[in-house]
Amino acid sequence: METSPQSRMTVAWPWIATAARLGLAAVWLVAGALKVGDLAASARAVNAYQVMPYDTAEVVGAVQPFLEIALGLLLLIGLSTRLTAAISALLMVIFIAGIASAWARGLRIDCGCFSTGGELGRGEDTAYGIDILRDLAFLALSGLLVWRPRTRYSLDGILLGER
Amino acid sequence: MSSGKNRAAKARQIVAEQKAAERRRTVTLWTSVGVVLVLFVAGLIGYTALSGQDEGKLVIPSTAVDEGTAFAVGTGPVVVDVYEDFMCPACGTFEAASGPTLKQLADSGKITIRFHPVAILDQYSNGTEYSTRAAAASAAAAQEGKFTELHDVLYANRPEENSTGLSDARIIELAASVGLTSDTFVTAVNEGTYKAWATQATETFSKRDFTGTPTILVAGQQLENPTTELLTEAVTTAAG
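Residues numbered from 1 in each chain as written. Chains lettered and ligands numbered in written order. Predicted model: local features only at pLDDT ≥ 70, side-chain atom pairs only at ≥ 80, totals over all residues. Heavy atoms only, no water.

Our focus in this paragraph is the pattern of salt bridges. Overall, the coordinates contain eleven salt bridges over all chains when judged by the stated rule. We note a salt bridge from Asp131 of chain A to Arg134 of chain A, for which the minimum N-O separation is 3.5 Å. Of this pair, Asp131 of chain A and Arg134 of chain A both sit in helix H5 (residues 128-147), three residues apart, which is roughly one turn of the helix. Taking the shortest distance from any N to any O, the salt bridge between Arg208 of chain B and Glu67 of chain B comes out at 2.8 Å. Here Glu67 of chain B lies in the loop between helix H1 (2-51) and strand S1 (71-73) and Arg208 of chain B lies in the loop between helix H7 (195-207) and strand S4 (215-218), a separation of 141 residues in the sequence. Given a relative accessible area of 66%, Glu67 of chain B falls into the exposed group. One continuous salt-bridge network, built from bridges that share partners, spans Asp66, Glu67, Asp81, Arg114 and Arg208 of chain B. (Salt bridge = Lys/Arg side-chain N within 4 Å of Asp/Glu carboxyl O. Helix = DSSP H or I, 4+ residues; strand = E, 2+ residues; numbered from the N terminus. Buried < 20%, exposed > 50% of the residue type's maximum accessible area, 1.4 Å probe, protein only.)

What follows is the structure, given as structure tokens:
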């Protein structure tokens, strides 16, 4: 039996997408879990970007970790993967814009991506470039899932009657 | 005959495909609605958690200055603002390096130090919220006129991040070792009288767009790199 490269990709895609889905789920779950324990610190991390009044930052800082955990869980079970991936992509774009804007304004902050950041110790340097590259990688994962939302071991698959 | 069979088979296939497509649409619609609902509820939980936070009764220490956020040491003309977290390693380094110089400048009447205790590292004390407790204890000490004494002894015994921090009992013990033994102080520490105040002072810190500790300002100008030399220089410049 001859398998063409094309049909091989047809077989491989759901597996690649599955890895992307689970990877993105892990990203959201970790990011949310690291913030959810101290909502005041999460508020300070958001406020550190100086793009909204403190009272708004407080609400965003409190809501964000729960949204991240919910997105992580939804991706983990694979429910409406295309939509959750699209929302993930949107959030990544917002985060990248935020970091780029902090960078452009010369703010010296920790992005608070995987921590309640905000504060940078003395001698510690900002890592905006790396933060943006990492978020771009996550954006790529999200984009891949929007494009190819069919994955293995997903609730979507079960609901659609796929094996 | 056979062409009729073929047509029937094709028709069945088309119907099956249409049914499958319809099913996909229905599933997509309802899972999307489900996802939006889940995210909405998650956001609501966050919002409720925020508004449901019980910070206790706010007691602002009467000795506090600068919108009730700081304790002044010295009476000199140049104001030096020092924002510190009692658990922060960089603050410990700053205190060890520049603390004596600051005290000296205050004692010689050149500067007024405004110490702003803030609690940004609560999540690094295994749930005991040492930063908040220590800041609250320092407010209680200020009420007894012994802020500097407690401040210094807490930094001399600064717990590492990700430890449980000093217990209230240990704070009281250390306070006693520097002559702070009043019942009012002990009660304030045990009851966490100034904890809500510490939370509010930390909020003010964030509202002023400061993000890290130590944050040092000389005459309102933030020092990016507060070494003892730059600090002394800035004070001299500000004194004119």
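The next thing to look at is the side chain of Glu68 of chain A. Examined against the element boundaries, Glu68 of chain A turns out to sit in helix H3 (residues 54-77). Once residues within four sequence positions are removed from consideration, Glu68 of chain A is found in contact with Trp28, Leu29, Ala31, Gly32, Lys35 and Phe95 of chain A. (Contact = heavy atoms within 4.5 Å.)

Each aromatic ring pair is characterised by the separation of its centres together with the angle its planes make. Residue and element names in this part refer to chain B. Applying the stated rule across the entire model yields eleven aromatic pairs over all chains. Judged by centre distance (5.5 Å) and plane angle (50 degrees), the rings of Phe71 and Trp197 are tilted. Residue Phe71 is found in strand S1, and its partner Trp197 is found in helix H7; the two are separated by 126 residues along the sequence. Both residues of the pair, Phe71 and Trp197, count as buried. Consider the rings of Phe86 and Tyr155, whose centres lie 5.2 Å apart with planes at 35 degrees: the pair is tilted. (Phe/Tyr/Trp six-rings, centres within 6.5 Å; stacked < 30°, edge-to-face > 60°.)

Accessible area lost upon the coming together of the parts serves often as the stated size of an interface. The interface is formed by 36 residues belonging to chain A together with 35 residues belonging to chain B. Both sides together, the interface formed by chain A and chain B hides about 3,000 Å², and carbon and sulfur atoms give 65% of it. Taken together, the links from chain A to chain B amount to zero salt bridges. Where chain A touches chain B, the interface holds three residue pairs in polar contact (both at pLDDT 80 or more). Broken down by secondary-structure element, the contributors of at least two residues to the side of chain A that touches chain B are helix H2 (39-47), H3, helix H4 (81-104) and helix H6 (155-159) of chain A. (Buried area = accessible area lost by both parts, 1.4 Å probe. Polar contact = N/O pair within 3.5 Å; in protein donor to acceptor, adjacent residues only side chain to side chain.)

Residues and elements named next belong to chain B. Direction vectors running N to C along helix H4 (residues 147-156) and helix H5 (residues 168-177) enclose 120 degrees, while the axes themselves pass 9 Å from each other. Classified by the angle between their axes, H4 and H5 sit oblique to one another. In the crossing of H4 with H5, the sense of the turn from one axis to the other is right-handed. Touching Leu150, Val153 and Leu154 of H4 are Ile171, Leu174, Ala175 and Ser177, all from H5. (Axes fitted to C-alpha atoms, helices over the stretch in contact; angles between N-to-C directions. Parallel < 35°, antiparallel > 145°, perpendicular 65-115°, else oblique. Left-handed = near helix turned anticlockwise from the far one by under 90°.)

This next bit is on the UniProt feature "transmembrane region" (unreviewed entry) in chain B. UniProt's entry tags residues 27-50 of chain B with the feature "transmembrane region" (unreviewed entry), counted in the numbering of this structure. The straight-line gap between the two end C-alpha atoms of residues 27-50 of chain B is 35 Å; of that span, 100% is helix and 0% is strand. (UniProt positions renumbered as here; feature names shortened; annotations may be inferred.)

Residue and element names in this part refer to chain B. With twelve residues, helix H8 (residues 228-239) extends 16 Å between its outermost C-alpha atoms, agreeing within 8% with the 16 Å of an ideal straight helix rising 1.5 Å per residue. Among all positions of H8, only Thr228, Leu231, Ala234 and Val235 are buried. Around the axis of H8, the buried residues are gathered within 130 degrees of arc, so they sit on the same side. Exposed side of H8, more than 90 degrees from the buried face: Glu229, Thr236 and Thr237 are the residues found there. Those residues of H8 that are buried lie in contact with strand S2 (78-84), helix H2 (89-107), strand S3 (111-117) and S4. Looking one or two residues beyond H8, the residue adopting positive phi is Gly240, at roughly 80 degrees. (Expected span 1.5 Å × (residues − 1). Arc of directions from axis to C-beta.)

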